Amino acid sequence: MQHDAHAHHEHHGAVAHEGHDEHQQHQHQQGHHEHHGHHQGHGEVSWAMAAQATLHCLTGCAIGEVLGMIIGTAFGWGNVPTMVLAIVLAFFFGYALTLRGILKAGVDFRTAFKVALAADTLSIAVMEIIDNGVIALWPGAMDAHLSEALFWIVLAISLATAFVLTTPVNKWMIGRGKGHAVGHQYHH
């Protein structure tokens with residue numbers, strides 16, 4: 001009987017010890033994941049952080065869009081070349097704003113350029129598809145001149161729509177350590 005009690009105690013002690021080992025291993029893994037999450041941007045991302053990243057892209061896109069429209073109109077270009085120029089300039093200014101912040105942190109140009117491409121490409125692309133889609137589909141917007149209220153109203157609506165629809169994309173990307181999470185480490 002004493003042997004059975006001793007065997008039961010050893011078994012219970014072994015189970016308790018195994019449970020302790022598993023708990024320690026889980027804590028180590030959890031700490032390991034949290035450590036990576038801090039550096040890679042994984043985990044919970046606030047809507048405010050996503051909105052700030054989207055607003056950053058929107059600023060570059062808006063500058064490029066308006067400048068492209070002004071240049072295209074000034075040269076008397078048609079809708080397609082003007083829209084292509086506006087899109088190219090939107091990407092240019094979107095990347096330029098990110099580059100500026102990363103270069104300010106002391107990063108070399110080549111690295112900063114790679115970071116800007118990784119941080120902004122999908123966000124700007126989504127924003128441009130939505131923005132230009134709204135303008136293209138809005139009756140009369142493509143033919144509106146810079147001096148007409150319709151041009152500015154539709155541009156504002158298209159940019160606002162792009163902001164609202166791109167923010168969840170940025171939230172998803174940042175939560176997975178992509179997009180603006182890549183450049184975020186250089187802004188500290």
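Structure report, in brief. (Residues numbered from 1 in each chain as written. Predicted model: local features only at pLDDT ≥ 70, side-chain atom pairs only at ≥ 80, totals over all residues. Heavy atoms only, no water.)

## A word on helix α3 (residues 79–104)
With 26 residues, α3 ought to run about 38 Å at 1.5 Å a step, and its terminal C-alpha atoms sit 37 Å apart, in line with that. All of the buried residues in α3 are Thr 82, Met 83, Ala 86, Leu 89, Ala 90, Phe 91, Gly 94, Tyr 95, Thr 98, Leu 99, Gly 101 and Ile 102. For α3, the elements touching its buried residues are α2 (47–74) and α4 (109–137). One or two steps after α3, the chain reaches Gly 106, where phi turns positive at roughly 90°. (Helix = DSSP H or I, 4+ residues; strand = E, 2+ residues; numbered from the N terminus. Expected span 1.5 Å × (residues − 1). Buried < 20%, exposed > 50% of the residue type's maximum accessible area, 1.4 Å probe, protein only. Contact = heavy atoms within 4.5 Å.)

## A look at the nonpolar core
Of all hydrophobic cores here, the largest spans 26 residues; its most connected members are Ile 124, Met 127, Ile 135 and Leu 155. At the level of elements, α2, α3, α4 and α5 (149–175) are the ones that each hand at least two residues to this core. Sorting elements by how many residues they give to this core places α4 first, with eight residues. Leaving out residues up to four positions away in the same chain, Leu 155 has contacts with Glu 65, Val 66, Asp 131 and Ile 135. (Core = buried A, V, L, I, M, F, W, Y, C linked by side-chain atoms within 4.5 Å.)

## Overview of the environment of Cys 57
By secondary structure assignment, the location of Cys 57 is in helix α2. Separated by 37 residues in the primary sequence, Cys 57 and Gly 94 place their C-alpha atoms 5.5 Å from one another.

## Quick look at a nonpolar patch on the surface
Together, Leu 103, Phe 109, Phe 113 and Leu 117 make up an exposed nonpolar region whose accessible area comes to about 340 Å². The leading source of residues in the nonpolar patch is α4, at three residues. Along the chain, Leu 103 falls in helix α3. (Patch = residues over 30% accessible without salt bridge, like charges linked within 9 Å, V, L, I, M, F, W, Y side chains within 5 Å. Areas by Shrake-Rupley, 256 points an atom, 1.4 Å probe, with all protein chains shown as cover. Salt bridge = Lys/Arg side-chain N within 4 Å of Asp/Glu carboxyl O.)

## Some points on the side chain of Asp 131
Mapping Asp 131 onto the fold places it in helix α4. Arg 100 is the oppositely charged side chain nearest to the buried, salt-bridge-free Asp 131, at an N-O distance of 21 Å. Aside from chain neighbours lying at most four places away, what touches Asp 131 is Glu 65, Leu 155, Ser 158, Leu 159 and Ala 162. (Lys, Arg positive; Asp, Glu negative; His and termini not counted.)

## Brief notes about the environment of Lys 171
Note that Lys 171 resides in helix α5. Separated by 124 residues in sequence, Lys 171 and Trp 47 place their C-alpha atoms 6.7 Å apart. Beyond its immediate stretch of four places on either side in the chain, Lys 171 contacts Glu 44, Val 45, Ser 46, Trp 47 and Ala 50.

## Considerations on the environment of Thr 98
Its place among the elements puts Thr 98 in helix α3. Note on Thr 98: relative accessible area 3%, which makes it buried. Residues Thr 98 and Cys 57 lie 41 residues apart in sequence; the distance between their C-alpha atoms is 8.6 Å. Residues within four places of Thr 98 in sequence aside, it is in contact with His 56, Ala 116, Ala 119 and Asp 120. Side-chain polar atoms of Thr 98 contact the side chain of Asp 120, separated by 2.3 Å. (Polar contact = N/O pair within 3.5 Å; in protein donor to acceptor, adjacent residues only side chain to side chain.)

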